[in-house]
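So the chains spell out like this:
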Amino acid sequence: MSNYHIKNLEEYYQIYRKSVRDPENFWSEIAEEHFTWRKKWDRVLEWDFKKPEVKWFAGGKLNITENCIDRHLLTKGDKTAILWEPNSPDEPAVKISYKELHERVGRFANVLREQGIAKGDRVCIYLPMIPELAIAVLACARIGAIHSVVFAGFSSTALATRINDSDCKMVITADGGFRGAKTIGLKAIVDEGLTQCDGVEKVLVVKRTGEDVHMHKGRDLWLQPLLDEAYSRCDPEVMDAEDPLFILYTSGSTGKPKGMMHTCGGYMVYSAYTFKNIFQYKDDDVYWCTADIGWITGHSYIVYGPLANGATTLMFEGVPSHPDYGRFWEIVEKHKVNQFYTAPTAIRALAKEKLDYVDRYDLSSLKVLGTVGEPINEEAWHWYNDNVGNNKCPITDTWWQTETGGIMIAPIPYATPTIPTYATLPLPGVQPALMDEKGEEINGNLVSGRLCIKFPWPGMARTIWGDHERYRTTYFSGFENMYFTGDGALRDAVGYYRITGRVDDVVIVSGHNLGTAPIEDAINEHPAVAESAIVGFPHPVKGNALYGFVILKEVGESRDRTNLSKEINQQITEHIGPIAKLDKVQFVPGLPKTRSGKIMRRILRKIASGDDSSLGDISTLLNPEVVEAIKEGVIKT
Ligand code: WT7
């Protein structure tokens, strides 16, 4: 038996060394012993970071849903697979056993086939956090359709861009969604978006809020009647390990969102292996990740990773503040949650409220706490440790990306001693490197640099959908023969990593990667705006908030600036969604630029953070005089 469950630090180091000495053997042992394959692979790994090309388990045949559902039926058929907690505490929770999940996924998959979806077709899923979302994802995977889940907080324009980029044939949505005290009219947003999408043939609609919707004849169908008519048995499509499983969009520093493409075999092995070890999942545990399935965290650690391990995964429809700030802890007590995985931004928001919201509940079931999305600050770490974990639950600070498919650097609970703000050690099979600006690797400890990965791991994205060249230039051109993460990191005396943040133009707000470019594009579409630049600045709850520097077309423009700021934010909401709204808008006469015309965001970041004491040498700028003007007009609170 390969060592699937790491139990202590010594064992970690042993396994880690083995994984680096012989990665192929390491991963093939895990893949062979813990998963069901219809046919074994021909080669464990083929790779060339120059092209770049990476293939894991090529020639191997499998279906990920057979691994996530069917193979648990004999031993765990009645075990709860998905435990769904609705938005309102007054609505009962729903338990879906592995047996029932098998039937519901089968029915849904048959509906997809009947509606013309076949292997390789792209299906866009735009749903709230209801069981149908997880089931739709699995139903696509069952028949080899490529799912592209779009977070149901994105606007119609953002949705349309994503649908068109991957030529989706179908959209699966709901009439509406509940979020705290609000409802969101999802079907109306889809209707609006689809005015810009010619390729969509069918829209399947789940009934959730019961609100009135317009059903477009010949295109839109209610899902339930179709499910009622469908057979529950659906033989899985046999997939090659390297066939695409899904596309998930993430923002970059320039251009349109990047459709990261993940494949069946490697992603399955990686998400499952990391889930088991990072959460130290045991058979009767109840595991809860608070992310939305619209993000990679939900793909890997609500759906695929937990189900591949036969776990009980809790899925929550609502928000942490509704009906009050005790909602998370009420759910932990009610379902006796053992592992709890959330984002630093949620912890900070809850830490601002009265402690009574936490103390009211019995959280003694908790064994492991996790965080993801951005660096966790020391204060939030301690609040989480003291008040939620009661000083007895290890906190695993997990560093990874949409591109990596699964967790890369994180402490293994009960094995790796933790230090607040440190993501600590790489998982087995992960080979990090710190690089200097000249492109040389920085060896030894007590150093910092740009974080790269030297060797492929099974969960890595294989390409950007439709744009392999962009995949190459974004991740493989900065440093020779390395995957470049875009993050900076330091390595301490014992080899622990601490992620220091992005070194490129991406801003992480509330744990979500918001590229600067699409937001600036949205601002620039306002008729009064000539040019704009946005940067992140430290924010007590969101980690970073967005600060926009905006140049107006007409100097001395006499319009009301407050209204203009509102209109700009409205513009952003329409193009991207409310999560990308600016906290501060400053109207400026110009933007600091290099002689080649590149905006010097470094300077803007300093000014926005309120620390303009050391802006460095600005004499090389094309227009050093604008810096003073910007400093004078900076918005303080
Ligand atoms: C970026 C990836 C991975 C799912 C959520 C975000 C930042 C993520 C951490 C962490 C410090 C972190 C990085 C990374 N990040 N986790 N534990 N410590 N930074 O996925 O939207 O693809 O964003 O989030 O900057 O590059 P994503």
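These numbers come from a predicted model, not from an experiment. (Residues numbered from 1 in each chain as written. Predicted model: local features only at pLDDT ≥ 70, side-chain atom pairs only at ≥ 80, totals over all residues. Heavy atoms only, no water.)

Draft legend 1. Just the site of the ligand, in detail. The ligand sits among 19 residues. The nearest are Asp397, Thr398, Thr402, Asp487 and Arg502. One nitrogen or oxygen atom from the main chain of proline 375 is found 3.4 Å from a nitrogen atom belonging to the ligand. The contact in question runs from an oxygen atom of the ligand to an N or O atom on the side chain of aspartate 487, over 2.6 Å. Burial of the ligand by the protein amounts to 95% of the accessible area it has alone, namely 560 Å². Sorting the residues of the shell around the ligand by element identifies helix H11 (296–308), strand S20 (395–398) and strand S25 (497–502) as the ones contributing at least two each. Taken together, the residues of the shell around the ligand sort by class into seven nonpolar, seven polar and five charged. (Near = heavy atom within 4 Å. Polar contact = N/O pair within 3.5 Å; in protein donor to acceptor, adjacent residues only side chain to side chain. Areas by Shrake-Rupley, 256 points an atom, 1.4 Å probe, with all protein chains shown as cover. Helix = DSSP H or I, 4+ residues; strand = E, 2+ residues; numbered from the N terminus. Nonpolar A, V, L, I, M, F, W, Y, C, P; charged D, E, K, R; others polar.)

Draft legend 2. Structural detail: the side chain of histidine 5. Mapped onto the elements, histidine 5 comes out in the segment before helix H1 (9–21). With relative accessibility at 16%, the residue histidine 5 sits in the buried group. When sequence neighbours within four positions are dropped, the list of residues in contact with histidine 5 reads Glu11, Lys276, Asn277, Gln280, Tyr281 and Lys282. (Buried < 20%, exposed > 50% of the residue type's maximum accessible area, 1.4 Å probe, protein only. Contact = heavy atoms within 4.5 Å.)

Draft legend 3. Inspection of the layout of surface pockets at higher detail. A volume near 290 Å³ is recorded for the second largest pocket. Lining the second largest pocket are 18 residues, with Thr161, Pro257, Pro518, His575 and Ile576 sitting closest to its centre. When contributions to the lining of the second largest pocket are tallied by element, the ones reaching two or more residues are helix H7 (156–165), strand S27 (512–515) and helix H17 (516–524). Split into classes, the residues belonging to the lining of the second largest pocket amount to eight nonpolar, six polar and four charged. (1 Å grid on protein atoms, 1.4 Å probe; cavity = no way out; pocket = protein on both sides within 12 Å on 5 of 7 lines; lining within 4 Å. Points joined across faces, edges and corners; volume = space filled by probe spheres on them.)

Draft legend 4. A look at the domain arrangement of the protein. Along its sequence, the protein is organised into domain 1 (9–247 + 258–319 + 398–472) and domain 2 (506–632). Placing the centre of domain 1 and that of domain 2 at their C-alpha centroids yields a distance of 34 Å. Across the contact, seven residues belong to domain 1 and eight residues belong to domain 2. Summing both sides of the interface, domain 1 and domain 2 together bury roughly 550 Å²; the carbon and sulfur share of this comes to 60%. Along the contact surface separating domain 1 from domain 2 lie zero salt bridges. The tally of links between domain 1 and domain 2 comes to six residue pairs in polar contact (both at pLDDT 80 or more). Grouping the constituent residues of the side of domain 1 that touches domain 2 by class yields three nonpolar, four polar and no charged. (Domains from an automatic or database assignment. Buried area = accessible area lost by both parts, 1.4 Å probe. Salt bridge = Lys/Arg side-chain N within 4 Å of Asp/Glu carboxyl O.)

Draft legend 5. Spotlight on unusual backbone geometry. Residue proline 52 is reached from lysine 51 by a cis peptide bond, and omega for that bond is -15°. Mapping proline 52 onto the fold places it in the loop between strand S1 (43–48) and strand S2 (53–58). In this chain, histidine 322 is followed by proline 323 through a cis amide linkage whose omega measures 0°. Relative to the assigned elements, proline 323 resides in the loop between strand S17 (312–316) and helix H12 (327–335).

Draft legend 6. Seen up close, the side chain of serine 365. Along the chain, serine 365 falls in the loop between helix H14 (356–359) and strand S19 (368–372). The exposure class of serine 365 is buried, given its relative accessible area of 15%. Among the polar contacts listed, one links the side chain of serine 365 to the backbone oxygen of valine 337, at a separation of 2.7 Å.

Draft legend 7. The arrangement of the packing of aromatic side chains in detail. By the definition in use, this model includes 43 aromatic pairs. In this structure, lysine 207 packs its charged tip against the face of tryptophan 222, placed 4.6 Å from the ring centre. (Phe/Tyr/Trp six-rings, centres within 6.5 Å; stacked < 30°, edge-to-face > 60°. Lys NZ or Arg CZ within 6 Å of the ring centre and 35° of its normal.)

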